[in-house]
Amino acid sequence: MPIDADIIKSLHKYEIRILHALERMMKRYRWVPEDDLRAAVKLSPPELKYRLGNLIHRDLVRSDSVPYKGYALVFAGYDALALSDLAGKKTISALGCMVGVGKESEIYEALGFGIVILKLHKVGQRSFQTLKTNREYMPGEGHCPWIFASAKSAEREYEALKALNGKVSVPVPIDINRHVIVMSQVPGANLIRCVLEDPDTIYRQILDEVQKAYAAGFIHGDLSEYNIMTDGETVWLIDWPQWIPPTHQNADAVLRHDLENVITYFAKKYQTNYDLEEAVAFVTKP
Ligand SMILES: Nc1ncnc2c1ncn2[C@@H]1O[C@H](COP(=O)(O)OP(=O)(O)OP(=O)(O)O)[C@@H](O)[C@H]1O
Ligand SMILES: [Mg+2]
C-alpha cells in the first residue's frame, strides 16, 4: 500500500512518541506488552488507548491479545518514523508518487533540493508481515528481523553510494534514515526498457563503470539490465545493497555472474558476442 503523506503529517506528538517507544522496545519484544509500553511513554491509560486506537486504525501499529495484550510496529509505522525524521531535517519537504515497487523495496519521488528519489528497503515484508501465522517463523520473542534487516540493507547500499560517488556513475547519496535512502534522481530509464542505437558504446561504458567500482573495492552483486539505467549516452549503476568487496571469498564467482548477466542480455537483445573472459580481465586488471 502506498504511503499516505497526510497520515504522517497529521500524527500527534504522543503518537510519534508511541512509535518511537515501540521501535526501541521491539529489540526485546516481538509484541510489546501493554504495561511496558505504558510505562515507557508515560501517558494516562485513556490517552494511550486513544492514541493506540488512532495508530492501529491507520495501519501503523498492530495489536494482538494472544498470549498477552501486545503491540507491534509494522512497516508503515517504521516508514512514518523515517519520513517524519527526514522531513524534520528538511531533507525532504513533500512526498511524490511511487515510481517503483520491487521485491524488497519501494521507490518514491520526493521534493528535496529539487526532485529526489526515496528508496525504502523492505526486507522480509512479505515473509514476516503478511500472515498472522507468520508469528511461527519468528525465532522466539524479542526478535524483529525485518526492522534490522531493512535498516542494514539501506545502510549497505548507502555505504556503497557514498564510497562510489564521484568515482563511478551512481545516484548521488543525500541522506539515510533507518531503512530509507534519499538519493539523486537518475535522468534515464532502465536498460531493459531502452532500444539502444549504439549497444557497443553502452556496453563499453558499463564495463568501465564496473571496472572503476571494482578498483574502488565494490562488486555490485546484482548487476543486470534492471539495475543499469541509461539515457542512451550515459549509464548509471543502481541498486547496491548486495555489494561485496573484491577480497570476498566469492568475489570471482559474483563478478563473473554480474558480467555474464550483462553479456547475455546484450547477446539476446542486440545479437552481440562479447567475451566473458575478456570482460573479467578488463575489470580486474591491476
Ligand atoms: N536514483 C534513481 N533514479 C531514478 N530511478 C530510480 C532510482 N533508483 C531506483 N529507481 C527506479 O526504481 C527501480 C527499483 O529500484 P532498485 O533497483 O534500486 O530497487 P529493487 O529493490 O531492486 O527493486 P526491483 O526488485 O524492482 O529491482 C529501478 O529499476 C528504477 O527504475
Ligand atoms: Mg533493482
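Quantities reported herein were computed from a predicted structural model and do not represent experimental measurements. (Residues numbered from 1 in each chain as written. Chains lettered and ligands numbered in written order. Predicted model: local features only at pLDDT ≥ 70, side-chain atom pairs only at ≥ 80, totals over all residues. Heavy atoms only, no water.)

S.K.: Talk me through the sheet that holds strand β1 (residues 32-33); I want residue IDs and the actual numbers.
M.R.: In space, the three strands of this open sheet follow the order β1-β3-β2, with antiparallel pairing throughout. If you trace the sheet from one side to the other, it starts and ends with β1 and β2 (61-64), each paired once. This element, helix α4 (residues 45-57), spans β2 and β3 (70-73) of the sheet and lies at about 110 degrees to β2. (Pairing = 2+ DSSP bridges. Helix = DSSP H or I, 4+ residues; strand = E, 2+ residues; numbered from the N terminus. Contact = heavy atoms within 4.5 Å. Axes fitted to C-alpha atoms, helices over the stretch in contact; angles between N-to-C directions.)

S.K.: Pulling in residues and values, what's your account of the site of ligand 1?
M.R.: Taken together, 17 residues are adjacent to ligand 1, and S105, K119, V186, N190 and D239 come closest. Separating an oxygen atom of ligand 1 from a side-chain N or O atom of S105 is a distance of 2.7 Å. Side-chain polar atom of K119 to an oxygen atom of ligand 1: 2.8 Å apart, as the coordinates give it. Considered on its own, ligand 1 offers 600 Å² of accessible surface; in the complex 83% of this is hidden by protein. Elements supplying a minimum of two residues to the shell around ligand 1: β5 (105-112), β6 (114-121) and β8 (180-184). In the shell around ligand 1, the residues fall into eight nonpolar, six polar and three charged. Inspection of the shell around ligand 1 shows a minimum of three residues originating in each of domain 2 (91-184) and domain 3 (189-284). (Near = heavy atom within 4 Å. Polar contact = N/O pair within 3.5 Å; in protein donor to acceptor, adjacent residues only side chain to side chain. Areas by Shrake-Rupley, 256 points an atom, 1.4 Å probe, with all protein chains shown as cover. Nonpolar A, V, L, I, M, F, W, Y, C, P; charged D, E, K, R; others polar. Domains from an automatic or database assignment.)

S.K.: Could you give me a rundown of the domain arrangement of the protein, with the residues and numbers involved?
M.R.: Domain boundaries in the protein define domain 1 (5-73), domain 2 (91-184) and domain 3 (189-284). Contact residues are listed per partner, giving 15 residues for domain 2 and 16 residues for domain 3. The tally of links from domain 2 across to domain 3 stands at one salt bridge. Across the pair D239 and K119 runs a salt bridge, and its minimum N-O distance is 2.7 Å. Linking domain 2 to domain 3 there are eight residue pairs in polar contact (both at pLDDT 80 or more). Secondary-structure elements contributing two or more residues to the side of domain 2 that touches domain 3 are β6 and α7 (145-164). With eight residues, α7 is the single largest residue contributor to the side of domain 2 that touches domain 3. Partitioned by chemical class, the residues of the side of domain 2 that touches domain 3 number seven nonpolar, three polar and five charged. (Salt bridge = Lys/Arg side-chain N within 4 Å of Asp/Glu carboxyl O.)

S.K.: An account of the state of the cysteines is requested, with residue identities and associated values reported.
M.R.: Here a disulfide denotes one covalent bond, and it connects the sulfur atoms of two cysteines. All chains considered together, the criterion is met by zero disulfides. C97 forms no disulfide, and the closest cysteine sulfur to it belongs to C194, at a distance of 19 Å. (Disulfide = S-S within 2.5 Å.)

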